[in-house]
Amino acid sequence: MNIFESINESTTNVVKSGEDYIKYTHAYYKLKIFQLLSLSFSQIIKLALVGVFLFLGLIFLAIAAAIALGNLLGSISLGILIVGLTLILFGLIPYALRKRIDKTILNKFSKSFFD
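Residues numbered from 1 in each chain as written. Predicted model: local features only at pLDDT ≥ 70, side-chain atom pairs only at ≥ 80, totals over all residues. Heavy atoms only, no water.

Asks: Help me understand the overall build of the protein in this model?
Replies: For the protein, the count of helices and strands is three helices and zero strands. Overall, the protein shows an N-to-C arrangement of helices and strands of α-α-α. Against the globule reference of 13 Å for 115 residues, the protein gives a C-alpha radius of gyration of 30 Å, more extended than a compact globule. Taken along its principal axes, the extent of the C-alpha atoms in the protein is 105 × 25 × 15 Å. Burial status across the protein gives 6% buried among its 115 residues. Entry remark: accessible area of the protein is about 10300 Å², with carbon and sulfur atoms responsible for 75%. Separation between the mean location of the 11 positive side-chain charges and that of the 6 negative ones in the protein comes to 25 Å. (Helix = DSSP H or I, 4+ residues; strand = E, 2+ residues; numbered from the N terminus. Rg over C-alpha atoms; globule rule 2.2 N^0.38 Å. Buried < 20%, exposed > 50% of the residue type's maximum accessible area, 1.4 Å probe, protein only. Areas by Shrake-Rupley, 256 points an atom, 1.4 Å probe, with all protein chains shown as cover. Lys, Arg positive; Asp, Glu negative; His and termini not counted. Charge placed at Lys NZ, Arg CZ, Asp CG, Glu CD.)

Asks: When you look at helix H1 (residues 2-73) in this model, what are you seeing that I'm missing?
Replies: Taking 1.5 Å as the rise per residue, H1 with 72 residues should run 106 Å; its terminal C-alpha atoms sit 103 Å apart, in good agreement. Every buried residue belonging to H1 is among Lys32, Leu36, Ala62, Ala66 and Gly70, and all of these are buried. Downstream of H1 by one or two residues, Gly74 has phi in the positive range, about 90°. (Expected span 1.5 Å × (residues − 1).)

Asks: Help me out: how do you make sense of the packing of aromatic side chains in this one?
Replies: One pair of aromatic rings is described through two measures. These are the centre distance and the angle between the planes. For the coordinates displayed, the defined rule picks out one aromatic pair. Plain terms: the ring middles of Tyr28 and Tyr29 are 5.2 Å apart, the flat faces sit at 70° to each other, and that makes the pair edge-to-face. Lying across the ring of Tyr95, Arg98 places its NZ or CZ 4.1 Å from the centre. (Phe/Tyr/Trp six-rings, centres within 6.5 Å; stacked < 30°, edge-to-face > 60°. Lys NZ or Arg CZ within 6 Å of the ring centre and 35° of its normal.)

Asks: Would you explain the pattern of salt bridges in this entry?
Replies: Side-chain pairing between opposite charges can occur once the charged atoms of the two side chains come close. This structure, assessed with the given rule, holds one salt bridge. Where Asp20 meets Lys16, a salt bridge forms, and the shortest distance between an N and an O atom there is 3.3 Å. Of this pair, Asp20 and Lys16 both sit in helix H1, four residues apart, which is roughly one turn of that helix. With a relative accessible area of 48%, Lys16 lands in the partly exposed category. (Salt bridge = Lys/Arg side-chain N within 4 Å of Asp/Glu carboxyl O.)

Asks: Would you mind going over the confidence of the model for the protein with me for this structure?
Replies: Parts of the model with low pLDDT should not have their predicted coordinates read in detail. Confidence in the prediction of the protein, expressed as mean pLDDT, is 89, and 97% of residues score 70 or more. Looking over the protein, one finds the lowest element-wise mean pLDDT in helix H3 (residues 98-114), namely 82, and the highest in helix H2 (residues 76-96), namely 93. (pLDDT = per-residue confidence, 0-100.)

Asks: Looking at this structure, I do not really get the environment of Ile76. What am I missing?
Replies: Inspection of the secondary structure puts Ile76 in helix H2. Spatially, the C-alpha atom of Ile76 lies 7.0 Å from that of Ala66, the residues being 10 residues apart in sequence. Not counting residues within four places of it along the chain, the set of residues in contact with Ile76 comprises Ala66, Ile67, Gly70 and Asn71. (Contact = heavy atoms within 4.5 Å.)

Below is the structure:
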């Protein structure tokens, strides 16, 4: 009988250890997901705030540059046209590099996510 009791005790310990492992692994992954979500959310909020203020600054700088360039050239509409075309050119550069930008972002997020 001693052998059967020993086997029963061993299997009970193995089952308990397995249940504990599953419970702690589940808790770990819940915490890990919470950490990643909170980091991502805070990054998005910071990016949005910085982006809004940079965008507003860019608008005012573009207006000021267009007026100054228009006064210099003698035609406000020509100054606005030049500044507008310059901004479109600056917008086309990231569009042309979009695949490289996507690849860089995926590499950085995959290192953050899988570590």
